[in-house]
Amino acid sequence: MNRERAETFLRLLAEAELREWGPRTRAAGGLPFVTLPVALPRAAWALTAVGALDLDTAEDILADTDLALDARRPPVLMEGPASGPSAMPGPRRFAGIRFGSWSGRRRAAPAAPPQAGPDRFVPVGQMILFHDEVISGELDLMSYVHTAAGARLIAAWQTRDPLGSRPGGLPPVADFTVTDDQGGRYELRFAAKGRRESACDLALRPEPPPDIRWLDVTAPGEQAVRVDLARPGSGPGEARPGEAKPGEPRPGEPRPGEPRPGEPRPGVLSAGEQLLHRIADRLLTMVPDYPPQAVPGPLINLAAGLGATIAALEAAEVLPCRSPVPGQLAALCASLGVGGHGITAAPAPDLPEPWLSVLSHYRRRKPETAPALSGFAALAAALPDFDGITVVLLGLHNAAGATWISALARGRLPRHQPGPLRVEVAFPLSIWIRDDAGRWHVARPAGWHEDSGEAALTLRLTPPLTRAPDVIEVQAAGLSAQARAMVPVQWGYRP
Amino acid sequence: MTTGTNGSWFTSLPSCETTVPCGNAPHTIRWEAGALRLLEHPDPEGEQVLAALGGERARCIEVSEAWARHVSDLSVLAIGPRGPDDQITVGWDDVAAATRTGLGPRPAPAAGQAGARAAQQPARTQVGRPGAALIRSSARQRQLLEAAAAAQRRRDDLLTLLALGYEFQVRLAAQVAVAYSAPGAEPGPPTVQETRVQKARTQKADVQKADVQKADVQKADVQKAEPALVAAIAGRLAPVAERWLGIDPDQVLVRLHHGPGWGSAEMSGREAERRLRVALPVGWLAAVWACGLTLTGRHLVVAVDQPGWPDARVLGLRAPGAEPELLDVHADADGTWNVRH
C-alpha cells in the first residue's frame, strides 16, 4: 500500500476536477449549485475504506475543493423586478467549512481489548406460544447469547392482535417467567436493538451465571418450554464445527491460489479487489428493488465514479493493474444496463458465479412465483476475525417475504460518518450464503445497533431463501482475508 | 503593520494595493517587499490590544491577522488561483454574507467582558449537581461548538484572503510555498554554473551544521506535505504546459525536485500516451509562478537566476529535454514579462 501516492492521486484528481469544472458549469447553463464532482468523494471513500488515506486528510481535500469550486462560481443574478440589466447578485453558498471534528465525526472504534465474559453462543430453535386477553402469537427463540454485554435470547416473533389495543403488537415478555437449572429466576426485557422485521433481543435480568444448562421459559397460561443450553455452541477465536477459519478450505475445496473458474478466489483477492466486490454486492442487492425494464437512478448513482475509484485503488497499490475485477464490474454494470461508470477496463466475458446466480434469479426467473415463506432457524457460527471485526451469526428467519439473519459484531466496529462530504465507512464485510440448491444469496446490512462495545447486526439476504436447507455455505470476506464454512441450520419452523 | 517575510523571493514582484471596506470607509492595504502594510492604521498593535479588551476590531486588522494565520497553510494553494485566467469571484459582500450566516458562535469574550455580561443575566435556578453523563454530554457539546466556531473562522479567513484579489492571492500562495521550501533552496535561484554541472554547494562547516539542523525539521514537514505540493505545482504548471506545447493538461506529470539544480522536464510517448514529466522544486511556485514568469518568450521558465523588478534574469526551456537558457527579461507596465534581445 502506498499512502503517499494515494493522497497525491486524490489531490491531482481534485485539480483535474477543478480544471474541468468551469467548462462543465458553462455547459450546464451556469447552474448556481453545481455540487462537488462525484468521482472525487468516491475515490476518497475508497482510499479511506482500504486504509490508504486517513479520514481527516480525505475530508480536508474535499472541503478545500468544495470551497475552491464555490469561490469560482459566478454570482447569480436574481430574477424578478430587478432582473435585466439592473439585476442584483443573489446569495452565494460557501460550503467549504471543515466539519471534521465539529460534526461529531466518529471513526472506527479502536479494537477493544477482549472483555472478560462467558462468550456463549448456543443455537436454540424453539417456539413459545403465548396469548392473553388481547394478543396472541409466537416467540421464535433462535439462539442464546451470553457475553460481557449480558445474557439474552435472540428471537423473532409474530403476533395477532385483532383489537389493535397494544401499541406495536409487541409480545408480552414482561409477563413471562424464566428459571434456570440452578434455581435462578429472571425477567425478560424486550429490546429491538435496530433489528428488522419482528426480530429482537430479550435480555435476561439479573444476569445469569455463565454455566447454566437450561432455561424454562413460561408464557402466562402456557406450559414451560425448556431451552437446552448444554448443546455445543461456538465462540470467536476457536475453531469448531460450523465455524470458518480464514484461508482454510473445507475438504474438496480448492486451496488458496487455486480458484474455481469464474469465482472469487479465496485468500488471493487484494484489498482493492475486495472493496470492488463489496460495491458489486451493493449493486446486486439493489436489483430486486427496481424493475428490469428501466435503469433506476440509485443504480446509476452507485456506479458513478467507479472509474475514479478503480484508478485511486491502483494508485494506492491495493489493486493490481491486471486484476480481472474491474472488467467483471464493468460486465456487471453492462448486465444491469448501467452506464456512465467510467471504468476503462473492457467488460469481462465471465462473471463470478455468485453474481451470476443473483442476476439469474431476478432477470431470468420469475422470483415472485416462489416467495419466501415464514420460518425460523437457529444458527451459532462465529466467523473468523476480519480486519479486527468478529461477526457471529445467531439466527435466520423469513418474514414479510424476506430472509433476515440476526448477528452480533464485535471488535473494530465501523461507525457512521455523518459528515456532509459523504466519506462514509460502510459495512466493511462481504457475506454470501449458498443454499443446498447451489444458489447464492448476498447479505446486505439492514440494521446496526451499537451497545456496550457490541453491535446487534441484521443482514437481509438477496434473494430470500425459498428453501429450508439443513446446511448453508457461508462465504465471508474482509479487506485482508476471505473464508468459507459450512454452517448447520437448525430449523425451529420450516417454511 | 507588517507580517513576517521569508527573504528575497519577492524581489521580482512589484508592490500592489487594494481597498478594503473598513468601518465606514474604504481603506488601502498594500503588499510591499513581502509584507502587508495597513496604510490607514498607523498603530495596529495598539488596535489589537483594544480589540482584545472588547473594542471593535477593524476589518483591516482582521485581514492582517488572517494573512498571518495562513502563511503556511497548504489550503491556500488548494483553493487559490491557478493562474491569471482562473477567475475567483469572491468579493467583500460575499465575506460579509458568509460571516453573518455562520454556523457557530463567535469566540468566547474576554474575561472582563464575560463577567460584565454575566452580571446582567438573571440568576439561574439551582437544579442540583449534574450526573457524570450530563457533564460528559455538556463537555462534548462545548467541544463541538468550539470546533464549529474554529471551522467558521477558518472559512471566513480564507474568504477574506480571496476577497483581496488576484495580486494578493498569488503573493500569499508564494509565501506558503516558501514556507515549505528547504533551506538553501529558497527560490533562490541556482546559478547557471550549478545548473550545468549539477554540483552541490559547499558551505563552511559551522554554517552547514546550523542549516542541516533546520533542514531536518523542514524536511519532515515537506515530506508530509509533498502530495499537496505536487498537486499545487501540477495545477499551475498544467495550463502553462498546454499553452507552451499544446499538450492536454491531464498529460502533465509532476514530481518534486529536491537538491541542487532546477529539476528536469522530459517528453515521452505519442498522442494519448504522450506525457510531459516535470520535476520542479517547491520554490518554483514563489520565484516563477507567483511572479508571472512561467511562460516568457515561448520559454518555460524553470528558475530565476537574478530576481528583480522590472528586470530579471531567468532560466528558460525552449523545449522539453533542452538545456535551459539564460534569459534577460523585462516586465511591462501591465506586468507582462518579455525577453530582452
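The preceding data block contains the structure.
The structure presented is a predicted model; accordingly, all values stated were derived computationally and were not measured. (Residues numbered from 1 in each chain as written. Chains lettered and ligands numbered in written order. Predicted model: local features only at pLDDT ≥ 70, side-chain atom pairs only at ≥ 80, totals over all residues. Heavy atoms only, no water.)

Draft legend 1. The sheet that holds strand β3 (residues 35-38) of chain B, seen in detail. Residues and elements named next belong to chain B. Ordered by their spatial adjacency, 3 strands build an open sheet running β1-β2-β3, and the pairing between neighbours is antiparallel. Single-partner strands in this sheet number two, and they are β1 (16-22) and β3. On average, adjacent strands in this sheet sit at an angle of 30° to one another, irrespective of strand direction. With 7 bridges joining them, β1 and strand β2 (residues 25-32) adopt antiparallel strand pairing. (Pairing = 2+ DSSP bridges. Helix = DSSP H or I, 4+ residues; strand = E, 2+ residues; numbered from the N terminus. Axes fitted to C-alpha atoms, helices over the stretch in contact; angles between N-to-C directions.)

Draft legend 2. Here's a closer look at helix α4 (residues 271-286) of chain A. The end-to-end C-alpha distance of α4(A) is 23 Å, a good match for the 22 Å that 16 residues give at a rise of 1.5 Å each. Across the 16 residues of α4(A), 15 count as buried, placing the element largely inside the fold. (Expected span 1.5 Å × (residues − 1). Buried < 20%, exposed > 50% of the residue type's maximum accessible area, 1.4 Å probe, protein only.)

Draft legend 3. How the structure looks around the interface of chain B and chain A. The partner chain A presents 27 residues to the 35 residues of chain B that form the contact. Interface area for chain B against chain A, summed over the two sides, is near 2600 Å², with a carbon-plus-sulfur share of 62%. Where chain B meets chain A, there are 3 salt bridges. One can count 8 residue pairs in polar contact (both at pLDDT 80 or more) joining chain B with chain A. Where the side of chain B that touches chain A is concerned, the elements lending two or more residues are α3 (74-79), α4 (92-100), α6 (132-163) and α9 (205-245) of chain B. With 11 residues, α6(B) is the largest single contributor of residues to the side of chain B that touches chain A. Partitioning the side of chain B that touches chain A into residue classes produces 21 nonpolar, 6 polar and 8 charged. (Contact = heavy atoms within 4.5 Å. Buried area = accessible area lost by both parts, 1.4 Å probe. Salt bridge = Lys/Arg side-chain N within 4 Å of Asp/Glu carboxyl O. Polar contact = N/O pair within 3.5 Å; in protein donor to acceptor, adjacent residues only side chain to side chain. Nonpolar A, V, L, I, M, F, W, Y, C, P; charged D, E, K, R; others polar.)

Draft legend 4. Expanded view of the side chain of B:Gln169. All names here are of chain B. Along the polypeptide, Gln 169 turns up in helix α7 (residues 166-179). Residue class for Gln 169 comes out buried when judged on its relative accessible area of 8%. A polar contact is formed between the side chain of Gln 169 and the backbone oxygen of Leu 162, at a distance of 2.5 Å. Beyond its immediate sequence surroundings of up to four residues, Gln 169 is in contact with Pro 81, Ile 88, Leu 161 and Leu 162.

Draft legend 5. A look at the pattern of salt bridges. Going through the model one piece at a time under the given rule, you end up with 28 salt bridges over all chains. We note a salt bridge from A:Arg467 to A:Asp436, for which the minimum N-O separation is 2.9 Å. With A:Arg467 in the loop between β14 (454-462) and β15 (471-477) and A:Asp436 in the loop between β12 (430-434) and β13 (440-451), this pair connects stretches of sequence that are 31 residues apart. B:Arg69 serves as the salt-bridge partner of B:Asp157, at 2.7 Å between the closest nitrogen and oxygen. Linking B:Asp157 in helix α6 with B:Arg69 in helix α2 (residues 59-69), this pair joins segments that are 88 residues apart in sequence. Taken together, the shared-partner salt bridges connect A:Asp119, A:Arg152, A:Asp201, A:Arg410 and A:Glu454 into one network.

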